[in-house]
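Given next are the chains, with one letter for each unit.
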Amino acid sequence: MEQLEFNSFLLHLGNELESNEFEALKFVLKGYVTSSKCEEMVQVFKYFEEMERLCLLSPTNFLVLKIALGSIGRPDLVKKIEGKEAYFATLFTETIKDDREGLYQILF
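Throughout what follows, the structure given in this document is the object of discussion. (Residues numbered from 1 in each chain as written. Predicted model: local features only at pLDDT ≥ 70, side-chain atom pairs only at ≥ 80, totals over all residues. Heavy atoms only, no water.)

A few words on the nonpolar core. Formed by 29 residues in total, the largest nonpolar core has its most connected members in Leu25, Tyr47, Phe48, Met51, Leu65 and Leu69. For this core, the secondary structure elements donating two or more residues are helix H1 (2–15), helix H2 (19–28), helix H4 (44–53), helix H5 (63–71) and helix H6 (75–107). (Core = buried A, V, L, I, M, F, W, Y, C linked by side-chain atoms within 4.5 Å. Buried < 20%, exposed > 50% of the residue type's maximum accessible area, 1.4 Å probe, protein only. Helix = DSSP H or I, 4+ residues; strand = E, 2+ residues; numbered from the N terminus.)

So, on to the pattern of salt bridges. In total, this model carries 7 salt bridges according to the counting rule given. Residue glutamate 16 pairs with lysine 80 through a salt bridge whose shortest N-O separation is 2.7 Å. Remark: lysine 80 occurs in helix H6 and glutamate 16 occurs in the loop between H1 and H2; sequence separation between them is 64 residues. On the basis of relative accessibility, which here comes to 24%, the residue glutamate 16 falls in the partly exposed class. (Salt bridge = Lys/Arg side-chain N within 4 Å of Asp/Glu carboxyl O.)

Between H1 and H4, the shortest axis-to-axis distance is 9 Å and the interhelical angle comes to 130°. When the interaxial angle is binned, H1 and H4 end up oblique. Viewed along their axes, H1 and H4 form a crossing whose handedness is right-handed. Here H1 contributes Gln3, Phe6, Asn7, Leu10, Leu11, Leu13 and Gly14 to the contact with H4, which in turn contributes Val44, Phe45, Phe48 and Glu52. Grouping the constituent residues of the contact of H1 with H4 by class yields 7 nonpolar, 3 polar and 1 charged. (Axes fitted to C-alpha atoms, helices over the stretch in contact; angles between N-to-C directions. Parallel < 35°, antiparallel > 145°, perpendicular 65-115°, else oblique. Left-handed = near helix turned anticlockwise from the far one by under 90°. Contact = heavy atoms within 4.5 Å. Nonpolar A, V, L, I, M, F, W, Y, C, P; charged D, E, K, R; others polar.)

Attention shifts here to H2. For H2, the full list of buried residues reads Glu21, Phe22, Leu25 and Lys26. One side of H2 carries all its buried residues, which in axial view fall inside an arc of 145°. Facing away from the buried surface of H2 by more than 90 degrees, the exposed residues are Asn20 and Phe27. Against helix H3 (36–40), H4 and H5 lie the buried residues of H2. (Arc of directions from axis to C-beta.)

Contact geometry for H2 and H4: axes closest at 11 Å, N-to-C directions at 20°. By the criterion of interaxial angle, the relationship of H2 to H4 is roughly parallel. H4 is crossed by H2, and the crossing has left-handed handedness. Residue-level inspection shows Phe22, Leu25 and Lys26 of H2 in contact with H4, the latter providing Val44, Tyr47 and Phe48.

What follows deals with the packing of aromatic side chains. Geometrically, a pair of aromatic rings is defined through the distance of the ring centres and the angle of the planes. A complete count under the given rule lists 9 aromatic pairs for this structure. Aromatic side chains phenylalanine 9 and phenylalanine 88 sit 5.5 Å apart centroid to centroid with 55° between the ring planes, which places their arrangement in the tilted category. In this pair, phenylalanine 9 sits in helix H1 while phenylalanine 88 sits in helix H6, placing the two residues 79 residues apart along the sequence. This pair shows no difference in class: phenylalanine 9 is buried, exactly as phenylalanine 88 is. Counting every residue linked through ring pairs, the aromatic cluster contains Phe6, Phe9, Phe62, Tyr87, Phe88 and Phe92. (Phe/Tyr/Trp six-rings, centres within 6.5 Å; stacked < 30°, edge-to-face > 60°.)

Written as structure tokens, this is what we have:
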């Protein structure tokens, strides 16, 4: 359920970007996300998925995305992320803790 919330949030952010802003985002992050596939991506959520794969974006790490969005003139989206960061950090930390406790119960 937590991953669903995170993915929904990213989808919402992506829907707020105009196509020229998405191209600007890809340009700004060119040094980080260098896959040739990324140049051809037209769907923002696929790009976010690639950022996750490269460990540049996660429910507990929005830093690169926030800097990039600020660079392309979308401080409103940075604020939306900042409004959810603590929530996702808590949500995913608790999930990891619960998963570990379940694992410990199995092991012991």
